[in-house]
Amino acid sequence: MLNVAGELSGDSWGIFTFLCAALCNLPALPALNCTEELGAGQSIQKTYDLTRYLEHQLRTLAGTYLNYLGPPFNEPDFNPPRLARAERVPSATVDLDLWRGLTDNARLAANYRAYSRLLCYLRALDGQAGTAELRHRLGHFCSSLQGLVLSIAGVMSSLGYPLPVGPAGTPAPPGTAAAMAASNDFLKKMDDFWLLKELQTWLWRSAKDFNRLKKKVPPAVVTLRLEARGF
């Protein structure tokens, strides 16, 4: 005989009784929790997003700062040769094939060292800025760049890579021979120009690095975990 709506067979009654018993005893059953594992994939994504944000932020900052430096530094076609004194600033002008041939660990370590040094130079600029608006922009950018340094450290930690040991070099403090040599106003402006130019290149390349890296590392996964309560 076919069952019609509203009627329950013997088997259906058995299933219904079992479900009622299970619902009544849910507090005594293990709890089923859904948790998201925050791993390297999410850390890399956040670092990539921060790098792109800094690229956007730098465009505004560079325009303001170059106008502050005045001609010829704020002219679109100004492209001076890099002076030997500018070598203190970490350069991103490395052959792309050579750069891509490095291990992920080596590229991350190079990024960490470079941004740590660039941050020191930018903080020095912040102390020399002549307008309140410029100081505000530099201060905000330095805070964001500090966040990028910490974020890169987080990526390295999540991938099991050690942080580089010791600084890769810091700006010469005031009073040294290098600082005295910077007393020439034009040369000082040239240093500032190259600092912004190198920072722009580092951020452009880092965005590509983290975009490739996030494709290698699987995204965060959702796992089901049983937490036994009362057992």
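The notes below deal with the structure included here. What you see is a predicted model, and the numbers here were worked out from it, not measured in a lab. Along every chain, residues carry numbers that run from 1 in the direction the sequence is written. pLDDT decides what is reported in this predicted model: residues at 70 or higher carry local features, side-chain atom pairs at 80 or more are listed and counted, and totals for whole chains, interfaces and linings draw on all residues regardless. Side-chain metrics rest on all non-hydrogen atoms present in the structure, leaving aside hydrogens and water.

Here we come to the overall build of the chain. Numbered from the N terminus, helices here are DSSP runs of H or I no shorter than four residues, and strands are runs of E no shorter than two. Tallying secondary structure elements over the chain gives seven helices and two strands in all. Across the chain, helices and strands are ordered from the amino to the carboxyl terminus as α-β-α-α-α-α-α-α-β. Residue burial is assigned from relative accessible area. The probe radius is 1.4 Å, only protein chains are included, and a residue is buried under 20% of its type maximum, exposed over 50%, and partly exposed in between. Among the 231 residues that make up the chain, the fraction classed as buried is 34%. Taking as baseline every contact in the chain between residues at least 6 positions apart, the subset at least 24 positions apart corresponds to 87%. Throughout, the Shrake-Rupley method with a 1.4 Å probe supplies accessible areas, and for residues the shown protein chains are the sole cover considered. For the chain, the exposed surface amounts to about 13800 Å²; the carbon and sulfur share of it is 61%. Any two residues whose heavy atoms approach within 4.5 Å are treated as being in contact.

Throughout this description, the term salt bridge denotes a Lys or Arg side-chain nitrogen within 4 Å of a carboxyl oxygen of Asp or Glu. Per the stated rule, a full pass over the model turns up seven salt bridges. With a shortest N-O distance of 2.8 Å, K188 and D192 are connected by a salt bridge. Here K188 pairs with D192, and both are found in helix α7 (residues 185-216), just four residues apart, close to one helical turn. What makes D192 buried here is its relative accessible area of 5%.

Counting residues in hydrophobic clusters, the biggest one holds 51 residues, and the most contacted among them are Y115, L122 and F141. Counting residues per element, the ones that place at least two in this core are α2 (40-69), α4 (104-128), α5 (132-158) and α7. Apart from the residues within four sequence positions on either side, L122 is in contact with L138, F141, C142, L145, L195 and L199. Put simply, buried Ala, Val, Leu, Ile, Met, Phe, Trp, Tyr and Cys residues joined by side-chain atoms within 4.5 Å make one nonpolar core.

Axis definition: a line fit to C-alpha positions, over the contact stretch in the case of helices; interaxial angles, taken between N-to-C directions, run 0 to 180 degrees. Taken N-terminus to C-terminus, the directions of α2 and α7 make an angle of 160 degrees; their axes are 9 Å apart at the nearest point. By the criterion of interaxial angle, the relationship of α2 to α7 is roughly antiparallel. Between α2 and α7 the crossing geometry is left-handed. The labels follow the angle: roughly parallel below 35 degrees, roughly antiparallel above 145, roughly perpendicular from 65 to 115, and oblique for the rest. Definitions for this section: a left-handed crossing has its near helix turned counterclockwise from the far helix by less than a right angle. A right-handed crossing has that turn clockwise.

In this section: the packing of aromatic side chains. Pairing of aromatic rings covers Phe, Tyr and Trp, the last counted by its six-membered ring, and requires centre-to-centre distances within 6.5 Å; plane angles under 30 degrees mean stacked, over 60 mean edge-to-face, and any other angle means tilted. The final tally for this structure, using the stated rule, is eight aromatic pairs. Between Y65 and Y68, the ring centres sit 5.6 Å apart and the planes meet at 55 degrees, which makes this aromatic pair tilted. Of this pair, Y65 and Y68 both sit in helix α2, three residues apart, roughly one helical turn. On the accessibility criterion, Y65 (2% relative accessible area) is buried. A ring pair is formed by W99 and W202, whose centres lie 6.0 Å apart and whose planes are at 80 degrees; its orientation type is edge-to-face. Of the two residues, W99 sits in helix α3 (residues 96-100) while W202 sits in helix α7, which places them 103 residues apart along the sequence. Here the two residues W99 and W202 agree in accessibility, since each one is buried. Over the face of the ring belonging to W194 we find K197, whose NZ or CZ atom lies 5.9 Å from the ring centre. To sit over a ring, a charge needs its Lys NZ or Arg CZ within 6 Å of the ring centre and within 35 degrees of the ring normal. Between R205 and the ring centre of W202, over which it is positioned, the NZ or CZ distance is 4.6 Å.

Here the focus is the side chain of S151. Following the sequence through the fold, S151 ends up in helix α5. S151 sits in the buried class, given a relative accessible area of 15%. Ignoring any residue separated from it by four or fewer positions in sequence, one finds S151 in contact with S43, K46, T47 and L50.

On to the packing of α5 against α7, then. As a packed pair, α5 and α7 sit with axes 14 Å apart at the nearest point and diverge in direction by 35 degrees. When the axes of α5 and α7 are compared, the crossing they make is left-handed. Contacts between α5 and α7 involve F141, L148, I152 and V155 from the first element and L199, L203, F210 and L213 from the second. Classifying every residue of the contact of α5 with α7 gives eight nonpolar, no polar and no charged. Three classes are used: nonpolar for Ala, Val, Leu, Ile, Met, Phe, Trp, Tyr, Cys and Pro, charged for Asp, Glu, Lys and Arg, and polar for all others, with Gly counted as polar.

What follows deals with α5. Owing to its 3.6 residues per turn, the α-helix aligns residues three or four sequence positions apart on the same side. Expected span of a helix, by definition, is 1.5 Å for each gap between consecutive residues, and there is one gap fewer than residues. With 27 residues, α5 should cover 39 Å at 1.5 Å per step; its first-to-last C-alpha distance of 39 Å lies within 8% of that length. Positive backbone phi, at 85 degrees, marks G160, one or two positions downstream of α5.

Time to look at α2. The end-to-end C-alpha separation of α2 is 41 Å, in line with the 44 Å expected for 30 residues at 1.5 Å each. One or two positions beyond α2, positive phi appears at G70, with a value near 85 degrees.

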